[in-house]
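# Understanding the architecture of this molecule
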Amino acid sequence: MMSHKTKKMILAVAAGATISMIAGTGNAATPTVWTTNIDPIATGSTGTIKFNDWGYVGPNNVGANDFQVGSGFNSSNIGQIQHVVTTGPDWKTPDPAHSILGDLDYDPYMPNANMDSGVNFYYWGYTTVAGSTFNNMQIDKAGNYHIAKNDMSFQFYDVFQYKNGAADPTAYDTKINFQPYAISDAKGWCGSVLNTDPNGLGFMAGQVTFDFAFDAFMNNDGVPGVIAGPGAVTQIVPGFVMRSYGSYEMNVNVGGDPNENLQYFGSAVMNNTNPLTGQLDPNYHNKVSFLGGGVIPVGVWVFNDGTPNVQVVDPSQCPNNDASQCAGATFHTNSFAGFPFLMRADGIRILDYVNPAGHSDYVQTVVPIPAAVWLLGSGLLGLAGMIRRGKQRVVV
């Protein structure tokens, strides 16, 4: 449970201001667990984030620590365009159940909560609902992703759908609400270029990284309120990674308090696979889940703080966090520094465009043949057979 000190801090934040938050077909390889040690200076917390990549390898052997293929995205070499829309939970998840506390007053206590399409944030939980969109997801033939920040739209986080075992879910209206939004374009890689048919029933997965922010609202009964000062209410998380493969184990001690130890587990569900078996399943064609986790940093150097166009400064522009070297940037302080989060979402992938000249540098594209062409072809074949038989009779 939370310490008295942490409860006092959260309640003080709630009283003083509103706040903000957020953070195949690949070649088979030996599964690798990548461990990230949480930086106590950058976050005020300690612990580890472990990511198991399942041995999934993307185009040109890129993996969990890569965010481009070759020289990066080539806008003149587009192979396909898709979009993804979140669908909300169907309560089928490989993730273990988790105990969730109500926010602010920590009531109710919700044990054994199904975390399908759920978000762990500190001791609290939120449900990713239907309607968040990632539009115009461009994939070049080498497998590089590019998604403009304005093409990523997140729904409002204000409810946790509590489902315990076989019971029907019950909606709990949370008192701390969050509106996430991207503040940079996303880049990464996609394994669909390794499939002959990018819309076929094959293992496909990928990952992207981008900077995001979230605005927090207090006690607003699900209606976005007025933010009372950008420095206090907006949380900025640079370098968030979202993956549609692999699994996470997060162990975080918050703020050095021995009573503040949190543990999260989460697994993605690759495109076209059944979440309960992990096998390809036509009933899950183009269904996918994705997830990512992290710890809110103490703060970050930014340009245009307090505007929708806030921009995270490249660390090379602020060496050693020396303000005199930060070229006009300001240091944005996060109210939820040190708090861990694990975000999950279920979605549907829709392929909008496939380059008829080829979608990939690695395989030939299967171009679906319209039904009329098939009928015409079968008619011609039948006619050819009649001609052959007729000629044979003449010869005989």
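Residues numbered from 1 in each chain as written. Predicted model: local features only at pLDDT ≥ 70, side-chain atom pairs only at ≥ 80, totals over all residues. Heavy atoms only, no water.

A few words now on the overall build of the chain. In terms of helices and strands, the chain carries four helices and 22 strands. Counting across all 396 residues of the chain, residues that qualify as buried make up 50%. Total accessible area on the chain stands at roughly 17,700 Å², and carbon and sulfur atoms take up 56% of it. (Helix = DSSP H or I, 4+ residues; strand = E, 2+ residues; numbered from the N terminus. Buried < 20%, exposed > 50% of the residue type's maximum accessible area, 1.4 Å probe, protein only. Areas by Shrake-Rupley, 256 points an atom, 1.4 Å probe, with all protein chains shown as cover.)

For the rest of this paragraph, the subject is the sheet that holds strand E21 (residues 330–333). Taking strand neighbours across the sheet as the criterion, the three strands line up as E20-E19-E21 in an open arrangement whose pairing is antiparallel. Each edge of the open sheet carries a strand with a single partner, namely strand E20 (311–312) and E21. Strand direction decides the pairing type here: strand E19 (residues 299–303) and E20, joined by two bridges, are antiparallel. Bridging from a neighbouring strand, Val-302 pairs with Val-312 of E20. (Pairing = 2+ DSSP bridges.)

The strand order E1-E2-E16-E17 describes an open sheet built from four strands, whose pairing is antiparallel. Looking at the sheet topology across the chains shown, the edges are occupied by strand E1 (33–37) and strand E17 (261–267). Averaged over all pairs of adjacent strands, the angle between strand axes in this sheet comes to 10°, irrespective of strand direction. Both E1 and strand E2 (residues 46–52) contribute to a ladder of five bridges, which runs antiparallel. Paired with Thr-36 across the strands is Ile-49, a residue of E2. (Axes fitted to C-alpha atoms, helices over the stretch in contact; angles between N-to-C directions.)

So, on to the pairing of strand E13 (residues 186–190). The buried fraction of E13 is high, at four of five residues. Taken together, the four bridges between strand E9 (residues 144–147) and E13 define a ladder with antiparallel strand orientation. By the bridge assignment for E13, Ile-147 is matched with Ala-186. Pairing geometry for E13 and strand E14 (residues 206–218), over four bridges, is antiparallel. Bridging across to E14, Trp-189 finds its partner in Gln-207.

A few words now on unusual backbone geometry. Residue Pro-108 is reached from Asp-107 by a cis peptide bond, and omega for that bond is 10°. With respect to the helices, strands and loops of the structure, Pro-108 is situated in the loop between strand E4 (98–101) and strand E5 (109–113). The residue Asn-61 is not glycine, and still its phi comes out positive at about 65°. The residue Asn-61 is located in the loop between E2 and strand E3 (78–86) in this model. The class for Asn-61 is exposed, based on a relative accessible area of 54%.

On to the packing of aromatic side chains, then. Within this structure, the stated rule accounts for 27 aromatic pairs. Here Tyr-56 and Tyr-245 contribute two aromatic rings whose centre-to-centre distance is 5.3 Å and whose plane-to-plane angle is 45°, an arrangement assigned as tilted. You can see Tyr-56 sitting in the loop between E2 and E3 and its partner Tyr-245 sitting in the loop between strand E15 (234–243) and strand E16 (247–253), a full 189 residues away along the chain. Pair check on accessibility: Tyr-56 and Tyr-245 agree, each one buried. Taken together, a centroid distance of 4.8 Å and an interplanar angle of 80° make the contact between Tyr-122 and Tyr-123 edge-to-face. When its relative accessible area of 0% is taken as the criterion, Tyr-122 is described as buried. Seen from the ring of Phe-51, Arg-243 lies directly overhead, with NZ or CZ sitting 4.0 Å from the centre. (Phe/Tyr/Trp six-rings, centres within 6.5 Å; stacked < 30°, edge-to-face > 60°. Lys NZ or Arg CZ within 6 Å of the ring centre and 35° of its normal.)

In terms of nonpolar packing, the biggest core is built from 63 residues, with Phe-121, Trp-124, Phe-178 and Phe-210 touching the most fellow members. A total of six residues in this core trace back to one element, the largest contributor, which is E14. (Core = buried A, V, L, I, M, F, W, Y, C linked by side-chain atoms within 4.5 Å.)

One can find Ser-76 in the loop between E2 and E3. Taking the C-alpha atoms as reference points, Ser-76 and Lys-141, separated by 65 residues in sequence, lie 9.8 Å from one another. A distance of 2.6 Å separates the side chain of Ser-76 from the side chain of Asn-74, its partner in a polar contact. (Polar contact = N/O pair within 3.5 Å; in protein donor to acceptor, adjacent residues only side chain to side chain.)

Positionally, Phe-160 belongs in strand E11 (residues 157–162). Among the residues examined, Phe-160 registers a relative accessible area of 1% and is labelled buried. When the C-alpha atoms of Phe-160 and Thr-174 are compared, they prove to be 6.9 Å apart, with 14 residues separating the residues in sequence. Setting aside residues up to four positions removed in sequence, Phe-160 forms contacts with Ile-100, Met-110, Ala-113, Asn-114, Met-115, Gly-125, Tyr-126, Thr-127, Thr-170, Ala-171, Tyr-172 and Thr-174. (Contact = heavy atoms within 4.5 Å.)

Along the polypeptide, Phe-341 turns up in strand E22 (residues 340–354). Note: C-alpha distance between Phe-341 and Leu-262 (79 residues apart in sequence) is 9.9 Å.

This paragraph deals with the side chain of Thr-128. Examined against the element boundaries, Thr-128 turns out to sit in the loop between strand E7 (124–127) and strand E8 (133–140). Polar side-chain contacts of Thr-128 include one of 3.2 Å to the side chain of Tyr-157. Not counting chain neighbours up to four residues away, the residues in contact with Thr-128 comprise Thr-86, Gly-88, Pro-89, Ser-117, Val-119, Tyr-157, Arg-344 and Ala-345.

Turning our attention to the confidence of the model for the chain. On average, residues of the chain score 84 in pLDDT, and 81% of them reach the 70 mark or higher. Within the model, pLDDT remains below 50 along residues 222–232, and this stretch shows 24 contacts once partners closer than five positions in the same chain are excluded. In the model, residues 369–396 has pLDDT below 50 throughout and makes one contact with residues more than four positions away in sequence or in other chains. (pLDDT = per-residue confidence, 0-100.)

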